[in-house]
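Structural overview for review
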Amino acid sequence: GRSLFSMGWSAFQTITPNVKEEGAMKEDCGMQDTPYTEDTLVEQLEACVDYLWKSERHELIANVYKPVILVYEKKRDFKRLSELYYTIHRSYHKITEVVHSEKRLFGRYYRVAFYGQAFFEEDNSKEYIYKEPKLTGLSEISQRLLKLYSDKYGTENVKMIQDSNKVNPKDLDPKFAYIQVTFVTPYFDEKELTERRTDFEKHHNIKRFVFETPFTLSGKKHGGVEEQCKRRTILTTSQTFPYVKKRIQVVNQQSTELNPIEVAIDEMSRKVSELNHLCCMNEVDMIRLQLKLQGSVSAKVNAGPMAYAWAFLEEKNAKKYPDNQVKLLKEIFRQFAAACGHALEVNERLIKEDQLEYQEEMKSHYRDLLSELSTVMNEQVVYGEDTTKQQGAERQHVLRAISRTTTSNNLSGGTVAASSE
């Protein structure tokens, strides 16, 4: 099989970049004792495909089968080739069923940091990203790690750090072992988001993760919107997930701090992205759409999105902040109004008679929202489908420029026309 597989490990690079580790490994001197043949390779790759079916990673099946196809072509085994291509056909068919459903659960990720030289030794002050199955919650992984290390070091010697703030090891008591667990999500910059369009692509071959920590300049964790800041931390691991181990060490960390109006810009652009994403799904998730819509247009006075509008866009308050950031937030609110209007139209198209009253209530709240926005922004904000395509394109460009979220900005639907009074 040497001529067929002269590429060696590089034949599998399209599946995972982690395979480069194989190229750095020296050949085991005991390998001659256990012959590794073409048949062995085929057997293992076919077993691999079975596991890919079980883990719902259908996108990898065709690539894993490529070396196997070479073997059967060489053997002129047309029956087996026919079976392989049928399996590949089924895998692609399955992808078309699930690619936009968001029903596959690819796991959750947590940053775990260890502190305590006397206990963790070489792991002291190191951070890892743990990949956990499906919907594993923060409390579940925290309790598991607490039990694991309590059994090892004694219950009285292990403490959990309950927040995601940066830890100064000098502030910790050296008599204890400390564990800090933080929920993180995969992080992508704007360029990556244009390339990673599907749920699978956003969970495969990933090595950057993000979490956010709220804070105020007064020292409190939470405050009013006009004083609420947040710290965004991006972590990079040494290898990509999925991996042969369930945890990978963090090798780089970058933090940026957002001031209150930047927090508003970030949160509102995220809401716009989420609403538009829900409206554009092949099969609209009505429950999620209605929950998101309700939280957007039915929030109490001075709560939710309108709290940001009053704090940063009302004429007197706006003078306290940089003009370019105020203009940016105004543009995002126009996009937000458009996204809510589009979501209402999608909802109206799909609901049944028993929800007509609910729909009318939402529309009433939406009209109130537009009226309040018009007052705050000192311009007439109305929803309409006939606004020019050029205006829509310009606003999409603005949103893409400021969006720092991991959600793709797919801004379709109507636009909002606004004219100064």
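The sections below set out a description of the structure shown in this document. Residue positions are given per chain, counting from 1 as you read along its sequence in written order. Residues qualify for local features only when their pLDDT is at least 70, as the model is predicted, and side-chain atom pairs are given and counted only at 80 or more; totals for whole chains, interfaces and linings, by contrast, use all residues. Here the side-chain values reflect all heavy atoms present in the structure, with hydrogen atoms and water set aside.

Attention now moves to the overall build of the protein. Helix and strand labels come from DSSP, where a helix needs a run of H or I of at least four residues and a strand needs a run of E of at least two; each type is numbered from the N terminus. Check the secondary structure of the protein and you find 14 helices and nine strands. Only protein chains enter the area calculation, which uses a 1.4 Å probe; residues under 20% of their type maximum are buried, those over 50% are exposed, and those in between are partly exposed. Each of the 421 residues in the protein was classed as buried or not, and the buried ones make up 44%. Within the protein, residue pairs in contact and separated by at least 24 positions form 66% of the contacts whose partners lie at least 6 positions apart. Only the protein chains shown count as cover for residues, with accessible areas throughout obtained via the Shrake-Rupley method and a probe of 1.4 Å. Element-wise, carbon and sulfur atoms account for 51% of the exposed surface of the protein, whose accessible area totals about 23600 Å². Note on contacts: a residue pair qualifies if any of its non-hydrogen atoms lie within 4.5 Å across the two residues.

The subject of this paragraph is the packing of helix H2 (residues 38-54) against helix H3 (residues 61-74). Axes here mean lines fitted to C-alpha atoms, for a helix over just the part in contact, with angles spanning 0 to 180 degrees between N-to-C directions. Contact geometry for H2 and H3: axes closest at 10 Å, N-to-C directions at 150 degrees. In terms of orientation, H2 and H3 fall into the roughly antiparallel class. Every pair of crossing elements has a handedness; the one defined by H2 and H3 is left-handed. For the pair H2 and H3, contact is made by Glu38, Val42, Leu45, Glu46, Cys48, Val49, Leu52 and Trp53 and by Ile61, Val64, Tyr65, Pro67, Val68, Val71, Tyr72 and Lys74, respectively. Three residue categories are used. Nonpolar comprises Ala, Val, Leu, Ile, Met, Phe, Trp, Tyr, Cys and Pro, charged comprises Asp, Glu, Lys and Arg, and polar comprises the others, including Gly. Along the lines of polarity and charge, the residues of the contact of H2 with H3 split into 13 nonpolar, no polar and three charged. Here is the rule for angles: anything less than 35 degrees is roughly parallel, anything more than 145 is roughly antiparallel, 65 through 115 is roughly perpendicular, and the remaining ranges are oblique. Should the near helix be turned anticlockwise from the far one by less than a right angle, the crossing is left-handed, and should it be turned clockwise, the crossing is right-handed.

This part is about the nonpolar core. As used here, the term nonpolar core means buried Ala, Val, Leu, Ile, Met, Phe, Trp, Tyr and Cys residues forming a set that is joined through side-chain atoms within 4.5 Å. Membership of the largest hydrophobic core comes to 44 residues, with the highest contact counts inside it found for Phe312, Leu313, Leu329, Phe333, Phe336, Tyr366 and Leu373. Of all the secondary-structure elements, those providing two or more residues to this core are helix H8 (260-280), helix H9 (286-297), helix H10 (305-312), helix H12 (323-350), helix H13 (356-377) and strand E8 (379-384). Among the elements that line this core, the one with the most residues is H12, at 12 residues. In this structure, Val42, Ala62, Val64 and Phe106 belong to the second largest nonpolar core, which totals 20 residues.

With that settled, the discussion passes to unusual backbone geometry. The step from phenylalanine 241 to proline 242 runs through a cis peptide bond, and the omega angle for that step is 0 degrees. Positioned with a positive phi, glutamate 121 is a non-glycine residue whose angle comes to about 50 degrees. Looking at the element boundaries, glutamate 121 is found in the loop between helix H5 (117-120) and strand E2 (127-132). Unusually for a residue other than glycine, lysine 134 sits at a positive phi of about 45 degrees. Within the fold, lysine 134 resides in the loop between E2 and helix H6 (138-153).

Let us now look at the pairing of strand E4 (residues 177-186). Along E4, eight of the 10 residues are buried, which leaves the element largely enclosed by surrounding structure. Relative to E4, strand E1 (residues 108-115) is paired through seven bridges, and the arrangement is antiparallel. In the sheet register, tyrosine 110 faces E4, and the bridge partner there is phenylalanine 183. With two bridges connecting them, E4 and strand E5 (residues 206-215) associate as antiparallel partners. Paired with proline 186 across the bridge in E5 is phenylalanine 209. One bridge is not enough; two strands pair if DSSP finds at least two bridges between them.

What follows covers the pattern of salt bridges. What counts as a salt bridge is simple: a side-chain nitrogen of Lys or Arg found within 4 Å of a carboxyl oxygen of Asp or Glu. Across all of its chains, the model carries 31 salt bridges by this definition. Between lysine 147 and aspartate 151 there is a salt bridge, and its shortest N-O distance comes to 2.9 Å. One end of the pair is lysine 147 and the other is aspartate 151, both in helix H6 and four residues apart, which spans about a single turn. Of the two residues examined, lysine 147 and aspartate 151, each falls in the exposed class.

A separate point is the packing of aromatic side chains. Pairing of aromatic rings covers Phe, Tyr and Trp, the last counted by its six-membered ring, and requires centre-to-centre distances within 6.5 Å; plane angles under 30 degrees mean stacked, over 60 mean edge-to-face, and any other angle means tilted. Following the criterion strictly, the structure yields 15 aromatic pairs and no others. The interplanar angle of 65 degrees and the centroid separation of 6.2 Å between the aromatic rings of phenylalanine 106 and phenylalanine 200 together place this pair among those described as edge-to-face. With phenylalanine 106 in the loop between helix H4 (78-98) and E1 and phenylalanine 200 in the loop between helix H7 (190-195) and E5, the pair connects residues that are 94 residues apart, well separated along the chain. Comparing phenylalanine 106 with phenylalanine 200, the two get one shared label, buried. Of the aromatic side chains, those joined through ring pairs into one cluster are Phe114, Phe119, Phe120, Tyr128, Tyr149 and Tyr153. Between the NZ or CZ atom of lysine 159 and the centre of the ring of phenylalanine 176, over which it lies, the distance is 4.1 Å. The criterion is that NZ of a Lys, or CZ of an Arg, lies within 6 Å of the ring centre and within 35 degrees of the ring normal, and then a charge sits over that ring. The cationic tip of arginine 231 hangs over the ring face of phenylalanine 215; the distance from NZ or CZ to the ring centre is 4.6 Å.

This paragraph deals with the state of the cysteines. Cysteine sulfur atoms that come within 2.5 Å of each other are treated as a disulfide pair. Overall, the coordinates contain zero disulfides when judged by the stated rule. Of all cysteine sulfurs in the structure, the one in cysteine 279 sits closest to cysteine 340, which takes part in no disulfide; the separation is 9.2 Å.

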